[in-house]
Amino acid sequence: KRELGDLSVDPAVLDILSLARKEDYETVWDRLERQSPHCKFGTNGVCCRNCIMGPCRVTEKNPRGVCGADAATIVARNLIRALAAGAAAHSDHGRAVAVLFNEVARDENKEYQISDEAKLKAIAEKLNIDTSQDISSIAREVARMALEDFGKQDEAPLNFLKAYAPQKRKETWQKVEQILFSKTDKKMGILPRNIDREITECMHRTTMGVDNQALSILAQGVRTALADGWGGSLIATELQDVLFGTPDKKVIKANLGVLKEDQVNIIVHGHEPILSEQVVAAAMSPEMQEKAKQVGAKGINVAGICCTANEVLMRRGVPVAGNMIHQELAIMTGVVEAMVVDVQCIFPSLGPLAKCFHTRFISTSDRAAFPEAIHVQFDEHHAREVAQRIVEMAIDAYSERDPQKVHIPKEVEEAVVGFSVEEIIKILGGSPKPLVDAILAGKIKGVVGIVGCNNPKVKHDAFHISLTRELIKKDILVIGTGCWAIAAAKAGLMKIEAQSLAGEGLKEVCQALDIPPVLHMGSCVDCSRMLVLAGALADYLKVDISDLPLVGSAPEWMTEKAVSIGTYFVASGVPVHLWPMPPIGGSEEVVGILTEGIKELLGGYFFVEEDPVKTASLMEEIIMEKRKSF
Ligand code: NFS
Ligand code: SF4
């Protein structure tokens, strides 16, 4: 067994892990150990199961599958299948929001409402919709254009990409299409036509005997990623802001210490605020608080895990119990009455684990069922009623709590969060100018956007935190989302006091603006906020995103969603760091395209580095290089 200290840098995690070892609760690390060593073919991406003449595993001695596909074809196909799955996850989330928003706009759903009219008008303006109409007409138009992006059959690009992407970048994409055509004589579109279509086309092209050339396959991957970043994810973020409010600056609490021994604890875990917003509202209602008192609890405490946490902390200030790897550990505290989930990043191990406790593990989405879960079907048309039922189930569970099993780690940190692009611009006094000036003056050398997951193969949170610390020390502003953001919050890097960890220039800017040097921009679909911010800086300076001193990173990544995110950043002109190595090592050709070839075309490219300190230095080099021409 690996030493406890090698598994995480979060003391709350180590606290629960030693309990787990004592009580013999199974965790993600135990299962990783049993799965190790991992299959080399899978790790290098050279295993193909796309038809039943296989499965085929290519090697140097045996370089072709039964159909004749070589390593480059197989690796590229596997990669864009993963990318398509990731884009599908984000975009299906976006679709759910768009469908609901359309119903709200048409008065067909009274469980939700338009909360942020200013944001709605701002979106409409970008989409060239007449904003002098009444609000519901504007909303209907916006809804139509959003839904169109999932199904329109005309030419590229998406309505939202056209409205949001900076001018120079759109020109670059067009130029790249021309270059690829003239070099290969084959049309290789990278501007997305509709979100679902690009995902479907990835599946079509990668089925046996269709697209068999790495460059052509990867170009479709780029198109699909752009459909996610400037389409599905962006639509999710923008319309959620209209429905639930655009995030603004607030202070929240983070880590397992936010769970309360004397309250009914409900954890919302998963991704879609359509559900979690309602659970939070139901739990806060005087009626439910009163019911909780009747069973002897002091109240109801809602906390989040994963990106659902990021959604409700950004907008409601709800505390976060932890990131992806905390999901099993939270149940092991013995004080979680209900773990309520919808979709994405939810371990199927939670059902059996919850059975060892009084915890009700409640699934809610028609897209996701879990072994040994209680399914309470969520329905947008009866959202309040369903949310109330869920909260009541948690209250009922409270009396079954076993005091012998209660073990809440004491760790809890404060974090300043809520940095939507709108909030950042507001803090800057209404225009990107002060930020641009600070960058031009070298007080801020550049900006790094970090996203993503936890992965038990990597020491939990270690890469996230040490990379972030190194960067701010070097006067590089760090922004980000997802489970990285939760790691940074737990580590105290999002407190105002964290200014003292920053280099002199960055510190000065952060002090003047009263912000931390590390900015929480939301959930993983909110990576679109980072794109929009980059776009705003580019348009302000009349340059392309690839000219700006920006770098991205997904350390500790694990999901297919991260493949899509990384790719849309690269395709938008941003160099992106990854660790662990993606499963492409089996093809030099694919590695070459993604780390070098793509750079000349799109400005962005991938690089892989295991050491966080070295990664920070590499990023600084890239930034300094970009600054020269800037
Ligand atoms: Ni992003 Fe968010 Fe976390 Fe990774 Fe999962 S919750 S969508 S995928 S693990 S950061
Ligand atoms: Fe093998 Fe080709 Fe079928 Fe893949 S598509 S399993 S490489 S025969």
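Up top you'll find the structure we're talking about.
This section reports on the structure supplied with the text. Remember, predicted model here, so these are calculated numbers, not experimental data.

## Section: the overall build of the protein chain
Along the protein chain, the regular secondary structure elements total 25 helices and 16 strands. The C-alpha radius of gyration of the protein chain comes to 24 Å, within 12% of the 25 Å expected for a compact globule of 630 residues. Expressed as a percentage of the 630 residues in the protein chain, the buried residues total 62%. The contacts in the protein chain between residues at least 6 apart in sequence include a share of 75% that link residues at least 24 apart. When the accessible surface of the protein chain is totalled, it reaches about 23,600 Å², and 51% of it is carbon and sulfur. The positive charge centre, built from 71 side chains, and the negative charge centre, built from 85, are 3 Å apart in the protein chain.

## Here's the deal with the site of ligand 1
Surveying the vicinity of ligand 1 reveals 13 residues, the closest of which are C307, C345, C453, C483 and C524. Those elements giving two or more residues to the shell around ligand 1 turn out to be α13 (306-316) and α20 (482-490). When its residues are assigned to classes, the shell around ligand 1 shows eight nonpolar, four polar and one charged.

## With respect to the coordination of the nickel atom of ligand 1
There is one protein donor for the nickel atom of ligand 1, namely C524 (SG), at 2.2 Å. Within the element layout of this structure, C524 appears in the loop between β13 (518-520) and α22 (527-541).

## Structural notes on helix α25 (residues 612-628)
Taking 1.5 Å per residue as the helical rise, α25 with its 17 residues ought to reach 24 Å, and the 25 Å between its terminal C-alpha atoms agrees with that figure. By the burial criterion, the buried members of α25 are P612, T615, A616, M619, E620, I622, I623, K626 and R627. Viewed end-on, α25 has its buried residues packed into an arc of 165 degrees, placing them on one side of the element. Those residues of α25 that are exposed and aimed more than 90 degrees away from the buried face are K614, E621 and K628.

## Quick word on the layout of surface pockets
Taken as a whole, the largest pocket holds about 1,400 Å³ of empty space. Taken together, 45 residues make up the lining of the largest pocket; nearest its centre are H38, N455, K457, M558 and P583. Looking at the lining of the largest pocket, the elements that each hand over two or more residues are α2 (28-35), α3 (40-44), β1 (47-48), α4 (71-105), α19 (462-473) and α23 (560-571). Top element by residues in the lining of the largest pocket is α4. It accounts for five residues.

## Let's talk about the site of ligand 2
Looking at ligand 2, the residues that line it are C48, N50, C51, M53, G54, C56, G65, V66, C67, I74, R77 and M208. In the shell around ligand 2, the residues fall into eight nonpolar, three polar and one charged.

## Topic: the pattern of salt bridges
Applying the stated criterion across every chain, the model contains 47 salt bridges. D154 is the salt-bridge partner of K152, the closest N and O atoms lying 3.0 Å from each other. Of the residues examined, D154 reaches a relative accessible area of 46% and is grouped as partly exposed. Between D544 and R169 there is a salt bridge, with the nearest N and O atoms lying 2.8 Å from each other. One end of the pair, D544, is in the loop between α22 and β14 (550-555); the other, R169, is in helix α8 (residues 167-184), with 375 residues separating them in the sequence. Each member of the pair, D544 as well as R169, carries the same accessibility label: buried. The network of salt bridges with common partners includes K119, E238, D241, E311, R315, E422, D526 and R529.

About the cut-offs
Residues numbered from 1 in each chain as written. Chains lettered and ligands numbered in written order. Predicted model: local features only at pLDDT ≥ 70, side-chain atom pairs only at ≥ 80, totals over all residues. Heavy atoms only, no water. Helix = DSSP H or I, 4+ residues; strand = E, 2+ residues; numbered from the N terminus. Rg over C-alpha atoms; globule rule 2.2 N^0.38 Å. Buried < 20%, exposed > 50% of the residue type's maximum accessible area, 1.4 Å probe, protein only. Contact = heavy atoms within 4.5 Å. Areas by Shrake-Rupley, 256 points an atom, 1.4 Å probe, with all protein chains shown as cover. Lys, Arg positive; Asp, Glu negative; His and termini not counted. Charge placed at Lys NZ, Arg CZ, Asp CG, Glu CD. Near = heavy atom within 4 Å. Nonpolar A, V, L, I, M, F, W, Y, C, P; charged D, E, K, R; others polar. Donors = N, O, S within 2.8 Å, 3.2 Å for Na, K, Ca; no water. Expected span 1.5 Å × (residues − 1). Arc of directions from axis to C-beta. 1 Å grid on protein atoms, 1.4 Å probe; cavity = no way out; pocket = protein on both sides within 12 Å on 5 of 7 lines; lining within 4 Å. Points joined across faces, edges and corners; volume = space filled by probe spheres on them. Salt bridge = Lys/Arg side-chain N within 4 Å of Asp/Glu carboxyl O.

Interpretation in functional terms is not warranted from these geometric data alone.
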